[in-house]
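Spelled out from the first residue to the last, the chains are:
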Amino acid sequence: RLLKIAMDKNFTQGRNLDDVCGACLYTTCRRTEENSVMLLDLATVFQRRIYSLMKTYLKLIILLKLKIPLVDPTFYVRRFATKLEFGEKEFQVGKTAIKVVASMKRDWMAVGRKPSGICAAALIVAARLHGFNRDYDFVAREIGVGKTTVQKRVQEFINTPTCQLTLKKFREVDVKELNDKEGE
């Protein structure tokens, strides 16, 4: 349906049809709840450069005046945790990473940031809390984000009150409860 609307508005003219189809498909995916499809996935399927596909997607949503919900980084935690080879502790590391993401969201770290960068930083923090030594290069490569991005997100997290907690206290406290106490 989006492709037909795009064609009716001459959006396809002068653009690669694979980019337009990928942008329409990604738009449809993003409008559904709990979507875990990434633009990178579609770039791989359509064998297109991600930046070309992203540019087309952004122009499409502007043209059609669509309101697209933000992506929750927690949707990607399990997917990326599998790539980082945590073995039997994958569930525990993922659960901790989700808690770290929740803390980042409460501290406004996730606003305006790519979900994959937030997720990568949360998984590094969670991995280290569980005794895994995953370096920035490995995580960045597996998740498909820049090493510098991951380093910056981890550094930002280090500067939050949540990071000042002991491991025991972090595991015990509810993130919402923690942030409510900060406002007192």
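Our subject is the structure listed above.
Here the structure is a predicted model, which is why all the values come from computation and not from measurement.

Residue Q47 is not a glycine yet carries a positive backbone phi of 55 degrees. Topologically, Q47 is positioned in the loop between α3 (39-46) and α4 (50-63). In the Ramachandran plot, E85 falls in the positive-phi region, its phi being about 55 degrees despite a non-glycine side chain. In this structure, E85 sits in the loop between α5 (77-83) and α6 (90-106). Given the relative accessible area of 57%, E85 is considered exposed.

Here the focus is the packing of aromatic side chains. In this structure the tally under the stated criterion is three aromatic pairs. With 5.9 Å between their ring centres and 35 degrees between their planes, Y76 and F80 make a pair best called tilted. When its relative accessible area of 3% is taken as the criterion, Y76 is described as buried. F80 sits in the buried class, given a relative accessible area of 1%. For the ring pair F86 and F132, a centre distance of 4.9 Å and an interplane angle of 65 degrees mean the geometry is edge-to-face. Placement of F86 in the loop between α5 and α6 and of F132 in the loop between α7 (115-129) and α8 (136-143) is noted, with a sequence separation of 46 residues between them. Here the basic side chain of R15 rests over the ring of F11, its NZ or CZ set 4.0 Å away from the ring centre. Taking NZ or CZ as reference, R128 lies 5.3 Å from the ring centre of Y136, over its face.

Judged by nonpolar contacts, the single largest core of 35 residues is most densely connected at F86, L123 and I143. Among the secondary structure elements, those contributing two or more residues to this core are α5, α6, α7, α8 and α9 (147-158). Among the elements that take part in this core, α7 stands out by supplying 10 residues, more than any other. Among the nonpolar cores identified, the runner-up in size contains 17 residues, and V20, C24, Y57 and L64 belong to it.

Attention shifts here to the pattern of salt bridges. Inspection of the entire model under this criterion finds five salt bridges. The partner of D8 in a salt bridge is K4, and the shortest N-O contact between them spans 3.5 Å. Here D8 and its partner K4 are both found in helix α1 (residues 2-8), four residues apart, which amounts to about one turn of the helix. No difference in accessibility class separates D8 from K4, as the two residues are exposed. The shortest N-O distance in the salt bridge between R153 and E156 comes to 3.1 Å. Of the two residues, R153 and E156 both sit in helix α9, three residues apart, roughly one turn of that helix. Given the relative accessible area of 12%, R153 is considered buried.

On to the environment of K147, then. Along the chain, the position of K147 falls in helix α9. Separated by 44 residues in sequence, K147 and S103 place their C-alpha atoms 21 Å apart. When near neighbours in sequence (up to four residues on either side) are disregarded, K147 contacts Y136, D137 and A140.

Criteria and cut-off values
Here the residue numbers are simple positions, counted from 1 along each chain's written sequence. In view of the model being predicted, local features appear only for residues whose pLDDT reaches at least 70, and side-chain atom pairs are presented and counted only at 80 or more, with totals across whole chains, interfaces and linings using the full set of residues. Just so you know, side-chain values use all the structure's heavy atoms and leave hydrogens and water out. The secondary structure listing takes helices from DSSP runs of H or I that are at least 4 residues long and strands from runs of E that are at least 2 residues long, numbered from the N terminus. Burial classification: accessible surface area is computed with a 1.4 Å probe over protein chains only, and a residue below 20% of its type maximum counts as buried, one above 50% as exposed, and the rest as partly exposed. Each Phe, Tyr or Trp ring, with Trp reduced to its six-membered ring, pairs with another whose centre is within 6.5 Å; inter-plane angles below 30 degrees give stacked pairs, above 60 give edge-to-face pairs, and intermediate values give tilted ones. Placement of a charge over a ring requires the Lys NZ or Arg CZ to be within 6 Å of the ring centre, with the centre-to-atom vector within 35 degrees of the ring normal. Note on terminology: a nonpolar core comprises buried Ala, Val, Leu, Ile, Met, Phe, Trp, Tyr and Cys residues joined through side-chain atoms within 4.5 Å. A carboxyl oxygen of Asp or Glu within 4 Å of a side-chain nitrogen of Lys or Arg is what we treat as a salt bridge. Note on definitions: a residue-residue contact is assigned when non-hydrogen atoms from the two residues lie within 4.5 Å.

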